[in-house]
Amino acid sequence: GNNWVCLAVANYQKTYHSTDIYGDYVRTPSERDITAFVKNAHDRGIKVCLKPMVNTEDGVWRAHIGFPDLHMGDMDYYWRLWFTSYKHFILNYAELAQELKCEMLCIGCEMIGTEHREDDWLYLINEVRRVYKGKIVYNANHDREDAEKWFDVLDYIGTSAYYPIGKDGLDKDKMIANWNQVKWRLDAIAAQRNKKYIFMEIGCRSAKNCATEPWDFNTHMEVDMEEQKLFYETCLEVFTQSPYFAGVFWWDWPTFLYPKEQALTDTSYCIYGKPAEEVLKKFYK
């Protein structure tokens, strides 16, 4: 019953302070892969957001991409190199998104260390709009939805919504109260900027305490299906009441799924075969 899907396509740079962005023949989906995926979605009446992403080979979170140890003059030089490489990277996908008639393009994800470069991002957005005519969004990290003025030139407010709403325990009413705190803040930002907001990523693993730390992907390992289910359930219950809420892309649904009989022992973000999947089936239908 869902009507949108977000396709995340990973590219790479060697370290968080490298200036060259590249695809990998093994890990990066090819244009043929992307074309087949988009056609499959469109044939089913599902709209597509293409989301090219940059990961670092040294394992540092992309939020730290930058050049902190350089003098200002040197820093500007390296930023020019990085944004030139990023422009080539993102325009390649912008052209592909236009050719495949993708309804939305996400031009960046959680790159906090780059966001202060307002002129570079404004130039980049102009270049993207020159070749891509659909809606564009940037995926800010949670609590940075109003961090930069240049977010105003995008079509939506986008965020990774890994808010720690389980911090007061697993009582459903408490989780709803915590979500409402988030909603009131996001609604105020949306009203001020006259834009709707999208959860470009949201989810929590089916493991104990992951509603408290939904960004965690490898620490908590005790299976807890109910906590994940409540995270999904309460999120939908709260945000479907907001006139500023445009929708959600759940993280994640991998290309290769575990066998369904292993679902109730799996602790990943994927909801295949889990109680949280039943929440979405019921909601979307």
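So, here's what we can say about the structure. Bear in mind the structure is a predicted one, so any value in this text is a computation, not a measurement. (Residues numbered from 1 in each chain as written. Predicted model: local features only at pLDDT ≥ 70, side-chain atom pairs only at ≥ 80, totals over all residues. Heavy atoms only, no water.)

When its secondary structure is counted, the protein chain shows six helices and seven strands. From first element to last, N terminus to C terminus, the protein chain shows the α and β order β-α-β-α-β-α-β-β-α-β-α-β-α. The globule rule puts the C-alpha radius of gyration for 285 residues at 19 Å, and the 19 Å found for the protein chain is close to it. On the principal axes, the C-alpha backbone points of the protein chain span a range of 50 × 40 × 35 Å. Looking at the 285 residues of the protein chain, the share that counts as buried comes to 49%. Of all intrachain contacts in the protein chain linking residues separated by at least 6 positions in sequence, the fraction that spans at least 24 positions is 69%. (Helix = DSSP H or I, 4+ residues; strand = E, 2+ residues; numbered from the N terminus. Rg over C-alpha atoms; globule rule 2.2 N^0.38 Å. Buried < 20%, exposed > 50% of the residue type's maximum accessible area, 1.4 Å probe, protein only. Contact = heavy atoms within 4.5 Å.)

Before going further, it helps to spend a moment on the pairing of strand β1 (residues 4–13). Of the pairings in the sheet, the one linking β1 to strand β2 (residues 47–56) comprises ten bridges and is parallel in character. Following the sheet pairing, V9 is matched in β2 by P52. Remark: the β1/helix α1 (residues 31–43)/β2 crossover connection has right-handed handedness. (Pairing = 2+ DSSP bridges. Right-handed = clockwise from strand over helix to strand, strands pointing away.)

Here we come to the pairing of strand β7 (residues 245–250). Across the six residues that make up β7, a large majority, five, are buried. In this structure, strand β6 (residues 197–202) lies alongside β7, joined through four bridges in parallel fashion. Paired with F199 across the bridge in β7 is V248.

With the rule as written, the count across this model stands at 31 aromatic pairs. Seen in terms of ring centroids, W82 and F83 are 4.9 Å apart; in terms of plane orientation they differ by 90°. Their pairing is edge-to-face. One exposure class covers both W82 and F83, and it is buried. Seen in terms of ring centroids, Y197 and F245 are 5.8 Å apart; in terms of plane orientation they differ by 50°. Their pairing is tilted. (Phe/Tyr/Trp six-rings, centres within 6.5 Å; stacked < 30°, edge-to-face > 60°.)

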